[in-house]
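Per-entry structural report
Each chain, written out:
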Amino acid sequence: MKSRKDDVLDALKVNPNEQTAQELADQLGMDRTNVSRYLNELTKEGTVKKLDGRPVKFQSVTVSNEQHINFDNLIGREDSLKSQIQKSKAAILYPPRGLHTLIFGETGTGKTMFAECMYRFAVSANVLDESAPFITFNCADYAQNPQLLYGHIFGVKRGAFTGAEENRKGLMEQADGGILFLDEIHRLPPEGQEMLFTFIDKGTFRSLGDGVEKQASVQIIGATTETSSMFLSTFNRRIPMQIELPSLAERSLDERLAIIKEFLQQEANRLVQEITIDKRSLLAFLLYNAEGNIGQLKRDLKLVCAKAFLHHQTKSESEKLMIVEEDLPLVVQKGLLRMNDVQDKLTPFMDKKNLYLTMKPGTEEVVWGQDPNKDMEVYHSITYKLDKLGRENLSEIDLEELISDDVNQYFETYVEELSHSNIYREIISDDLWKLVNELYDFASIQMNRKYDEKVRFAFALHMNSTIERIRRNQFISHPNLNDIRRNYLKEFQLAIELSNRIEEAYNIMIPLDEIGFITMFLTMDNEEEQQINERQVAVLVVMHGKSTASSMLETVQELLGTTTGIAFNMPLTLNTAEMYAQIKNYIKDKQEEFSEGIILLTDMGSPNNFGNLIFHEMGIRTRVISMASTMLVLESIRLATLGRSLEEIYTSVVSMFRTMTHLEEPTKKDKKKVIIVACFTGEGVSKRLNEVVSQIVSPQEFEVIQMQSLEKESFKHRIDQLITHKNIVAIVGTMEIHYENIPFIPAMNLFQRDKIIEFQDMLGSTITLLEIVDSLTQDFSPELDVKRLFLLIDDVLQLIRRDQKLIIENTAMQALSMHIAFLVDRIKKGEKRLAFENVAEFRKTYSQQFNQVAGNLSLIETKFGVTFTDDDIAYIVKTIEDNRIDLGLHSV
């Protein structure tokens, strides 16, 4: 039977908000004094927390079910922290008990968290037991007292000094079998550093006042904001593994965005309320100078969350917490001053249609809000144009045109991006999808035109949010409604008819402004068109001498009949810095002409460093080819005029002329093929795509790498880095990406069985059919035409896949192919075949599949004069069923 104290606790658990003792007393019909006593008892037990203030409030303590941070979910694991993680794993795995490690990094870069990740990895790799301790200690607390420091780390024996009335274990003993993390290890005085030497060298130590040596198995991880020069040279030698963490400024915008989203999601989960941040506030957090790195970023985010919570509590105008620009600390607001500097680097995902970002409690998904009417981008665009044109040219700005362009661009980006997304299956009900198709089938007849699947998807997503908005009485106005009615009268009348059907189906009233948006979907011409990119990779020739570069370029241009290429002569009187300044200014003045990247050909010396400088200062991908000759320049320009990509040109030139150019041999690539899962709309979609791709390919043959990219150039740069040592065979994504001739697979294809089979066929397998034939021919009867047999079996298996809409790994298909081939050989030899247990019952259970396979196999029976028994067919059907991949797909 529950006690009254349990009733109080249950009441707090049901309502996660803070409550006073009086509120609980009124709710439960109890005396306030008794409720107050129960609350104090529960606070002491740790099941309830007391919130200071007047009146005092109480809240239940929820047990966190969050997963521990580890390398698998650490932000930056595939980019800025990749090499650091590899080093740390090597330190953990190094026999027999790992390498002691020093972690360097500025304040707030996450050194403690990184050390904890090392501990989690050690446990997951079975290097440490799950019960192994992870002890942390800040050396600054005892920096001025070596004796006290010694006693704290190594322990104290009773009677060692006045007041030492009992034996006390030190941290070293407590950490036995695990890891001791020493934060701010640079604060250890030289005596303190010496104290660790004996333990590091011998694995033994003595407690203070004790002459007996003790042993412990402890891996030491130290963290410091200083450089290695602060430590004794003997200390550096004893801790060989040194890892440096990057500052927040050195990490990409993608990673900073991920950190912001992760923190806000945690706060939403903590408060059990939606948290929304408007676009300008998000941009400010992305761009401001956080001197305290991730620590400061999280503190500033915590501050604005607290302000939003305060406003919510005092005003209660909405159910969600809203972070707005006015609430940002001044240092964060200054980040908006950098918007123009990085505007070209931010993709359309951050542009017209994205007004705010909402984190819902209890979910990892991040949901972008879309509402063209409430978009403030029009006013930002006016400010931007005023800055560009000058305040005296106000007459050149057409405000009505600006508003119209804004709405049109919203529709273009909205349809283009969302039509590639696979999330429609999760957020669109079957009823709505059915209705949308009926409406568009009707519209196709009325307008005598076709509406492809892409437009239908986008309209369904739009209507899904529109219906929810109308039900919440949140109405929007169309800024260009009169022009829509005047210019698209027929479509507008049809939109009215379609809206009547939607109103009947969902029992809502659709306002005229919403009908204007429906009209715009009906007017869209969304047929796929192959876009030809007219821009080419730029070729820059930089040579020492008064006319060396220009003469070489002129010769090549005459031979090829082109004007492509830019020459920079570098007289010996001109220093390197002046030369770089000339090139930089030239590129800056015409930066849009270099969007496809730069091939920089040099003769020797310091210009070889210009490539890195150009990329880091201007964000333009640059490849450098040194020891350039006329032939190298000719080949580079020839390929550029053909529209080849940066990496294609570089790889081709290096491969053809590496003996002349003295370039390094190309890096040997990994054996595994790589599939990139690229997602621009949040990790939830990316994870789902990763799950699907991982199921339909062999992990022994393929590696799946997730990438999220806010900046296109950064994304391409990461692809360039991967290409050097990885064989990338496909990019799967929600937004169309064409780069380096790597096949692109739209995300929606992975939710259609026919498309998945095409995807598998495109990927192929490491071992080709002809290779199988060559390697196995000697194992078959000499009179059997093995090549003909395998080709026919391959045709039959493809028929089975299509008939059954079968998703199965190619490796399983190859195994099945060899099984059938050897089965035919045994039949031809008259050898005994295996009997299948309970074959009659199995055939009855899988009657449809059994009959389909039997029919398909008849082609082999006819061509090779064999007969398959029910036992033979049953084994084939069982192999198919055992290897069938079920992705849980359903048709829309």
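Residues numbered from 1 in each chain as written. Predicted model: local features only at pLDDT ≥ 70, side-chain atom pairs only at ≥ 80, totals over all residues. Heavy atoms only, no water.

1. Structural notes on the sheet that holds strand S6 (residues 179–183)
Reading across the sheet, the five strands line up as S5-S6-S9-S4-S10 and stay open at both edges, with parallel pairing between neighbours. Strands at the two margins of the open sheet, each flanked by one partner only, are strand S5 (134–138) and strand S10 (241–244). Adjacent strand axes in the sheet meet at a mean angle of 20 degrees when their direction is disregarded. In this sheet, strand S9 (residues 219–224) lies alongside S6 in parallel orientation, the contact comprising four bridges. Across the sheet, the residue bridging to leucine 180 is isoleucine 220, located in S9. (Pairing = 2+ DSSP bridges. Helix = DSSP H or I, 4+ residues; strand = E, 2+ residues; numbered from the N terminus. Axes fitted to C-alpha atoms, helices over the stretch in contact; angles between N-to-C directions.)

2. Details of the packing of helix H35 (residues 847–864) against helix H36 (residues 870–883)
Between H35 and H36, the least distance of the axes is 10 Å, while the angle of their chain directions is 115 degrees. With respect to their mutual orientation, H35 and H36 come out roughly perpendicular. In the crossing of H35 with H36, the sense of the turn from one axis to the other is right-handed. Note on element contacts: H36 touches H35 through Asp870, Ile873, Ala874, Ile876, Val877, Ile880 and Glu881, opposite Gln849, Phe850, Val853, Ala854 and Leu857. Within the contact of H35 with H36, the residues separate by chemical class into nine nonpolar, one polar and two charged. (Parallel < 35°, antiparallel > 145°, perpendicular 65-115°, else oblique. Left-handed = near helix turned anticlockwise from the far one by under 90°. Contact = heavy atoms within 4.5 Å. Nonpolar A, V, L, I, M, F, W, Y, C, P; charged D, E, K, R; others polar.)

3. What about the pattern of salt bridges?
Here the structure, examined in full by the defined rule, presents 13 salt bridges. Here glutamate 184 ties to arginine 187 by a salt bridge, and the two come within 3.9 Å at their closest N and O atoms. Judged by its relative accessible area of 26%, glutamate 184 is partly exposed. (Salt bridge = Lys/Arg side-chain N within 4 Å of Asp/Glu carboxyl O. Buried < 20%, exposed > 50% of the residue type's maximum accessible area, 1.4 Å probe, protein only.)

4. Describing the packing of helix H24 (residues 576–589) against helix H25 (residues 610–618)
Following both chains from N to C, one finds H24 and H25 inclined at 45 degrees, their axes separated by 11 Å at the closest point. On the basis of their axis angle, the class for H24 and H25 is oblique. Our pair here, H24 against H25, has a crossing hand that is right-handed. Residue-level inspection shows Thr576, Met579, Tyr580, Ile583, Lys584, Ile587 and Lys588 of H24 in contact with H25, the latter providing Phe610, Leu613, Ile614, Glu617 and Met618. Here the residues of the contact of H24 with H25 sort into eight nonpolar, one polar and three charged.

5. Considerations on the packing of aromatic side chains
Applying the stated criterion across every chain, the model contains 14 aromatic pairs. Ring centres 6.3 Å apart and planes at 50 degrees place the aromatic pair phenylalanine 71 and phenylalanine 121 in the tilted group. Of this pair, phenylalanine 71 sits in the loop between strand S3 (57–60) and helix H4 (82–93) while phenylalanine 121 sits in helix H5 (residues 111–124); the two residues are 50 residues apart in sequence, bridging distant segments of the chain. Both residues of the pair, phenylalanine 71 and phenylalanine 121, count as buried. Between the aromatic rings of tyrosine 580 and phenylalanine 610, the centroid separation amounts to 5.3 Å while the plane-to-plane angle is 50 degrees, which identifies the pairing as tilted. With tyrosine 580 in helix H24 and phenylalanine 610 in helix H25, this pair connects stretches of sequence that are 30 residues apart. Considered together, tyrosine 580 and phenylalanine 610 belong to a single accessibility category, that of buried residues. Here the aromatic cluster, defined as three or more aromatic residues joined through ring pairs, consists of Phe836, Phe842, Tyr846 and Tyr875. In this structure, arginine 501 is placed above the aromatic ring of phenylalanine 442, and the distance from its NZ or CZ to the ring centre is 4.3 Å. The ring of tyrosine 650 carries arginine 623 above its face, with NZ or CZ at 4.3 Å from the centroid. (Phe/Tyr/Trp six-rings, centres within 6.5 Å; stacked < 30°, edge-to-face > 60°. Lys NZ or Arg CZ within 6 Å of the ring centre and 35° of its normal.)

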